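If you want the building blocks of each chain, they are given just below.
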Amino acid sequence: MKKTLLSLVLGTCTSALIAQVSFDTQTSGTIQNLKGSTIKPGSTTVWAVGAGGTILNTTDAGNTWTSQSSGVTATLEDVMWGASGNGGLEFVWACGSSATALSTMDAGATWAVQSQGAPYDAFTINFQGISNGIMMGDQFYARSSNGGNMYTPTVTNLTYLAVDFIGSTGWVTGNTGFIKKTTDGGATWTDQTSGTNQALHGIDFINANEGWACGLAGTILHTTDGGTTWTAQTSNTANLLSDIKFADNQKGWACGYTGTILKTTNGGVTWTPYFSGSTGTTAWLQSISLFNADEGVAVGDVGTIIKFIDNGSSANIDETELNKLAIYPNPASDLITLKTQGTIEKVQIFNVMGDLVQTEQSNSFSIRELNTGIYIVDVRTSVGSYRTRISLSLIHI
């Protein structure tokens, strides 16, 4: 009788560069759909908003989230950090259905209602500093010059979905693929040629010249001349993309329908998609915030919050670390055990495509479901993290 064993070779195999992104589902404490998020630049502080007046806040890079009282039950669609002030003041604004507008000066300890009850839904809001801002939505936009204490509305026949500003220059996208630009803080807008009729749900500029927009059918657009010309990029997905953020002119992320998260390291020349099998969710991810070029959170339906970290590539594996990680028995019939320094908190196994194929939280588990091939094993412990390659093959005895 033949017995099938799994043969493991650690850290000695060679392979093509393998992108390693880990995805962790965070405890949000809510089942409300989360619609928007914002980060205080250069910090680990994020606010997320959603249905039922939900406002959540993290100050530790998304590891823990606390609820803040909004005082409203409206669906909040977007939130925007605007400025810091003396004495620990943090100015943040939010908007939502029925032209609801909120603001806080104390990082969300208290929120004040500034607008509510109008027959328009606001989908996006932006403030540059503590005074000048704009909220935009279904057939209207409204500007404020006093921190949102008063908004002056303008009625239109357009639906505005996302807005971004660099100083007094801004861009807004909409439901028919339009992109408009302003150079006077939103007082006047001029049309740009997007080259698409797909609804554009997200837009992000890193300076006055370079920016990206995203939307339906996996649409991603790029400009390097302030929007005078827009060029389509290949996203490698047909899923709706809800939001897009760049840390610099090379590294960017996008999120969207059915748990999709995209990554680029070359300004969007190529995009790597991670679908639900990797991200661990099928929820519609509606907004993304970056702590840095390699780490961020995406928020979405039913209170879903996914924290993602780009851990680099397999080419960066330090072979000298292998003596800190042992895997036995070898060969193995089913169960393997990991021995390392500290208490194992999480084990993630990735295939050569960068897809997360197995997650464990103990030092002993089965690898019976893995196919022959090369894998990357990330091990997080109480004293540090380790990574190794394994080559898995079947032998018969």
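Everything below is about the structure printed above this text.
Residues numbered from 1 in each chain as written. Predicted model: local features only at pLDDT ≥ 70, side-chain atom pairs only at ≥ 80, totals over all residues. Heavy atoms only, no water.

### Here we look at the overall build of the protein chain
We count it as follows: The helix and strand labels rest on DSSP assignments: H or I over at least four residues marks a helix, E over at least two residues marks a strand, and numbering proceeds from the N terminus. Whether two residues are in contact is decided by their heavy atoms, any of which lying within 4.5 Å being enough. Areas reported as accessible are Shrake-Rupley estimates using a 1.4 Å probe. Residue values count occlusion only from the protein chains shown.
Across its full length, the protein chain carries one helix and 34 strands. In the protein chain, 48% of the contacts between residues at least 6 apart in sequence involve partners at least 24 apart. Counting every atom, the protein chain has about 16400 Å² of accessible surface; 50% of that belongs to carbon and sulfur.

### Some remarks on the sheet that holds strand E24 (residues 272-274)
Which entries qualify depends on this criterion: A strand pair is defined by DSSP finding two or more bridges across the two strands. Here an angle of 0 to 180 degrees is reported between the N-to-C directions of two axes, which are lines fitted to C-alpha atoms, with helices fitted over the stretch in contact.
Sheet architecture is open: four strands sit in the order E21-E22-E23-E24, paired in antiparallel fashion. Where the open sheet ends on each side, the last strands, each with one partner, are strand E21 (241-246) and E24. On average, adjacent strands in this sheet sit at an angle of 20° to one another, irrespective of strand direction.

### Section: the sheet that holds strand E10 (residues 112-115)
Read from one edge to the other, the open sheet built from four strands follows the order E7-E8-E9-E10, with strand pairing classed as antiparallel. Each of the sheet's edge strands pairs with one partner strand only, and the pair in question is strand E7 (76-85) and E10. Strand-to-strand twist of the sheet, defined as the mean angle between neighbouring strand axes without regard to direction, takes the value 25°.

### Some words on the packing of aromatic side chains
Rule in force here: Each Phe, Tyr or Trp ring, with Trp reduced to its six-membered ring, pairs with another whose centre is within 6.5 Å; inter-plane angles below 30 degrees give stacked pairs, above 60 give edge-to-face pairs, and intermediate values give tilted ones. Classification of residues uses two cut-offs on accessible area relative to the type maximum, computed with a 1.4 Å probe and protein chains only: under 20% is buried, over 50% is exposed, and between them is partly exposed.
Counted under the stated rule, the structure contains 13 aromatic pairs. Seen from their ring centres, Trp 93 and Phe 127 are 3.9 Å apart, and the 5° between their planes marks the pair as stacked. Here Trp 93, found in strand E8 (residues 89-96), pairs with Phe 127, found in strand E11 (residues 122-128); they are 34 residues apart in sequence, far enough to count as distant. Exposure remark for Trp 93: the relative accessible area of 2% places this residue in the buried category. For Phe 127, a relative accessible area of 1% puts it in the buried group. Three or more aromatic residues joined by ring pairs form one cluster here, namely Phe 91, Trp 93 and Phe 127.

### A word on the pattern of salt bridges
Stated precisely, the cut-off is as follows: Salt bridges are counted wherever a side-chain nitrogen of Lys or Arg sits within 4 Å of a carboxyl oxygen of Asp or Glu.
Overall, the coordinates contain seven salt bridges when judged by the stated rule. With its nearest N and O atoms 2.7 Å apart, the salt bridge here joins Lys 40 to Glu 90. Linking Lys 40 in the loop between strand E3 (34-39) and strand E4 (46-50) with Glu 90 in strand E8, this pair joins segments that are 50 residues apart in sequence. Looking at Lys 40, the relative accessible area reads 23%, which means it is partly exposed. Of the residues examined, Glu 90 reaches a relative accessible area of 11% and is grouped as buried. Notably, a salt bridge pairs Lys 251 with Asp 294, separated by 3.0 Å at the nearest N-O pair. Placement of Lys 251 in the loop between E21 and strand E22 (252-256) and of Asp 294 in the loop between strand E25 (285-292) and strand E26 (295-300) is noted, with a sequence separation of 43 residues between them. Its relative accessible area of 27% is what places Lys 251 among the partly exposed residues.

### Here we look at the nonpolar core
Where we set the bar: Buried residues of nine kinds, namely Ala, Val, Leu, Ile, Met, Phe, Trp, Tyr and Cys, make up a nonpolar core once their side-chain atoms join them within 4.5 Å.
Grouped together as the largest cluster of nonpolar side chains are 15 residues, with contacts concentrated most on Leu 338, Val 347, Ile 349, Phe 365 and Val 379. Elements that contribute at least two residues to this core include exactly strand E28 (325-328), strand E29 (335-340), strand E30 (344-350), strand E33 (373-381) and strand E34 (384-396). Each residue touching Val 347, except ones within four places of it in the same chain, is listed here: Leu 338, Gln 358, Thr 359, Glu 360, Ser 362, Phe 365, Val 377, Asp 378 and Val 379. Of all hydrophobic cores here, the second largest spans 14 residues; its members include Met 80, Trp 93, Met 135 and Ala 142.

### Things to note about the pairing of E4
When you tally the buried positions in E4, you get five out of five residues, the bulk of the element. Residue alternation in E4 divides its side chains into two sets, Val 46, Ala 48 and Gly 50 and Trp 47 and Val 49, and both sets are buried. As consecutive antiparallel partners, E3 and E4 are separated by six residues, and within that stretch Gly 42 has a phi angle of approximately 75°, a positive value. The loop that links E4 with its antiparallel partner strand E5 (residues 55-58) comprises four residues; one of these, Gly 52, has a positive phi angle of about 65°.

### Thoughts on unusual backbone geometry
In this model, Ala 99 sits at a positive phi of 55°, which is unusual for a non-glycine residue. Inspection of the secondary structure puts Ala 99 in the loop between E8 and strand E9 (100-104).

### Section: the environment of Tyr 141
As for its position among the elements, Tyr 141 is in strand E12 (residues 132-144). Here Tyr 141 falls in the buried class, since its relative accessible area comes to 10%. Along the backbone, Tyr 141 and Thr 152 are 11 residues apart, and their C-alpha atoms lie at a distance of 8.3 Å. Each residue touching Tyr 141, except ones within four places of it in the same chain, is listed here: Ile 134, Met 135, Met 136, Thr 152, Pro 153, Thr 154, Thr 156, Tyr 160, Gly 186, Ala 187 and Trp 189.

### Let's talk about the environment of Ser 70
This is how it is decided: Nitrogen and oxygen atoms within 3.5 Å of one another constitute a polar contact, given that in protein one can donate a hydrogen and the other can accept it, and given that sequence-neighbouring residues count only through two side-chain atoms.
Structurally, Ser 70 can be placed in the loop between strand E6 (66-68) and E7. For Ser 70, a relative accessible area of 4% puts it in the buried group. In the structure, Ser 70 is positioned 14 residues away from Leu 56 in sequence and 9.8 Å away in space, judged by C-alpha atoms. Excluding anything up to four places from it in sequence, Ser 70 contacts Gly 53, Ile 55, Leu 76, Leu 102, Trp 111 and Val 113. A polar atom in the side chain of Ser 70 sits 2.7 Å from the backbone oxygen of Gly 53.

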